[in-house]
Amino acid sequence: MGKVYVFDHPLIQHKLTYIRDKHTGTKEFRELVDEVATLMAFEITRDLPLEEVEIETPVSKAKAKVIAGKKLGVIPILRAGIGMVDGILKLIPAAKVGHIGLYRDPETLKPVEYYVKLPSDVEERDFIIVDPMLATGGSAVAAIDALKKRGAKSIKFMCLIAAPEGVNAVETAHPDVDIYIAALDERLNDHGYIVPGLGDAGDRLFGTK
Ligand SMILES: O=P(O)(O)OC[C@H]1O[C@H](OP(=O)(O)OP(=O)(O)O)[C@H](O)[C@@H]1O
Ligand SMILES: O=c1cc[nH]c(=O)[nH]1
Ligand SMILES: [Mg+2]
């Protein structure tokens, strides 16, 4: 079974409160999502392997650590996942970015795939799929399916807010995928929205309705 990590760092929780607040406008919402994505990227990269190199400081020679050329890929689920990409790339600028386009049918709540573009060396990369919301889990499961179908072997899923239903769906369908969450909320409402959640992440990021 995959592990579930809830990042309860005070800075993440503080910023998430303003992300949730319906009075927060598009500009601030986008900035806060970007900042939280950076903070989460800091935590999620904790297990990156290091290697030793020799450098010279102004004082002496020294052995020091650098990240050992791990190939990373960040995959936003369109649209709302786009809001988390730049915040992650601030810390890992060498990561390649792939895109998976999915929208959730408002009637059936099932994901509909409309776009997939991935880095060419899928088998060799460690992927982080990002989306602010894990609600029923349909979109996350479909995105992981799409990545695996094209050869991906190592996948993490990172979101801001998850419902228990979504976590269960990913755990059941993809027990090899660890899940990283800023907050685990109570439940879904009758329209499949997370309660209390933040509303529609794509609409709030891009100012649509
Ligand atoms: O867990 P699920 O029940 O599948 O719901 C979560 C999905 O819903 C939202 O996307 P949406 O379909 O609104 O598309 P958008 O990003 O284009 O607005 C959200 O960004 C997730 O991708
Ligand atoms: O609460 C939710 C559920 C799905 N998609 C969203 O953007 N918000
Ligand atoms: Mg949406």
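Just so it is clear, the model here is predicted, and its values are computed rather than measured.

Helix and strand counts for the protein chain come out as six helices and 13 strands. The principal-axis extents of the C-alpha atoms in the protein chain amount to approximately 65 × 40 × 30 Å. The buried share of the protein chain, taken over its 209 residues, is 48%. Of the roughly 11000 Å² of accessible surface on the protein chain, 54% is carried by carbon and sulfur atoms. Looking at the protein chain, you have 27 positive and 31 negative side-chain charges, and the mean spots of the two groups are 3 Å apart.

What follows deals with the site of ligand 1. Taken together, 15 residues surround ligand 1, and among them Arg104, Asp131, Thr136, Gly137 and Ser139 come closest. The backbone of Ala80 places a nitrogen or oxygen atom 3.1 Å from an oxygen atom of ligand 1. Side-chain polar atom of Asp131 to an oxygen atom of ligand 1: 2.4 Å apart, as the coordinates give it. Listing elements by their share of the shell around ligand 1, those giving two or more residues are strand E6 (99-104), strand E9 (133-134) and helix H4 (138-149). Its residues placed into classes, the shell around ligand 1 shows six nonpolar, five polar and four charged.

Before going further, it helps to examine the environment of Ala163. Mapping Ala163 onto the fold places it in the loop between strand E10 (154-162) and helix H5 (164-173). A C-alpha to C-alpha distance of 21 Å links Ala163 and Ile100, two positions 63 residues apart in sequence. Not counting residues up to four positions away in its chain, the partners in contact with Ala163 are Leu134, Ala135, Leu184, Arg187, Leu188 and Ile194.

Where H4 meets H5, the axes come as close as 8 Å, and the angle between the chain directions of the two elements is 25°. Compared by their axis directions, H4 and H5 come out roughly parallel. With respect to the hand of their crossing, H4 and H5 are arranged in right-handed fashion. When H4 is examined against H5, the residues Ala140, Val141 and Ile144 are found in contact with a partner set consisting of Ala169, Val170 and Ala173. For the contact of H4 with H5, the per-class residue count stands at six nonpolar, no polar and no charged.

Let's shift gears to the UniProt feature "binding site: uracil" (unreviewed entry) in the protein chain. Those residues carrying the UniProt feature "binding site: uracil" (unreviewed entry) are Ile194, Gly199, Asp200 and Ala201 in this numbering. Within the element layout of this structure, Ile194 appears in strand E13 (residues 194-195). Given a relative accessible area of 7%, Ile194 falls into the buried group. Apart from residues no more than four positions distant in its own chain, Ile194 is found in contact with Met133, Leu134, Ala135, Ile161, Ala162, Ala163, Asp185, Arg187 and Leu188. Checked against the element boundaries, Asp200 lands in the loop between E13 and helix H6 (201-206). Take Asp200: its relative accessible area is 26%, and that puts it in the partly exposed class. At 3.1 Å, the side chain of Asp200 and the backbone nitrogen of Gly202 are in polar contact.

Time to look at the site of ligand 2. Contacts to ligand 2 come from Arg104, Met133, Ala135, Gly192, Tyr193, Ile194, Gly199, Asp200 and Ala201. Between Gly199 and ligand 2, the recorded distance is 2.8 Å, taken from a backbone N or O atom to a nitrogen atom. With the chains in place, 88% of the 240 Å² that ligand 2 exposes on its own is no longer accessible. Considering only residue class, the shell around ligand 2 consists of five nonpolar, two polar and two charged.

Parameters and conventions
Residues numbered from 1 in each chain as written. Chains lettered and ligands numbered in written order. Predicted model: local features only at pLDDT ≥ 70, side-chain atom pairs only at ≥ 80, totals over all residues. Heavy atoms only, no water. Helix = DSSP H or I, 4+ residues; strand = E, 2+ residues; numbered from the N terminus. Buried < 20%, exposed > 50% of the residue type's maximum accessible area, 1.4 Å probe, protein only. Areas by Shrake-Rupley, 256 points an atom, 1.4 Å probe, with all protein chains shown as cover. Lys, Arg positive; Asp, Glu negative; His and termini not counted. Charge placed at Lys NZ, Arg CZ, Asp CG, Glu CD. Near = heavy atom within 4 Å. Polar contact = N/O pair within 3.5 Å; in protein donor to acceptor, adjacent residues only side chain to side chain. Nonpolar A, V, L, I, M, F, W, Y, C, P; charged D, E, K, R; others polar. Contact = heavy atoms within 4.5 Å. Axes fitted to C-alpha atoms, helices over the stretch in contact; angles between N-to-C directions. Parallel < 35°, antiparallel > 145°, perpendicular 65-115°, else oblique. Left-handed = near helix turned anticlockwise from the far one by under 90°. UniProt positions renumbered as here; feature names shortened; annotations may be inferred.

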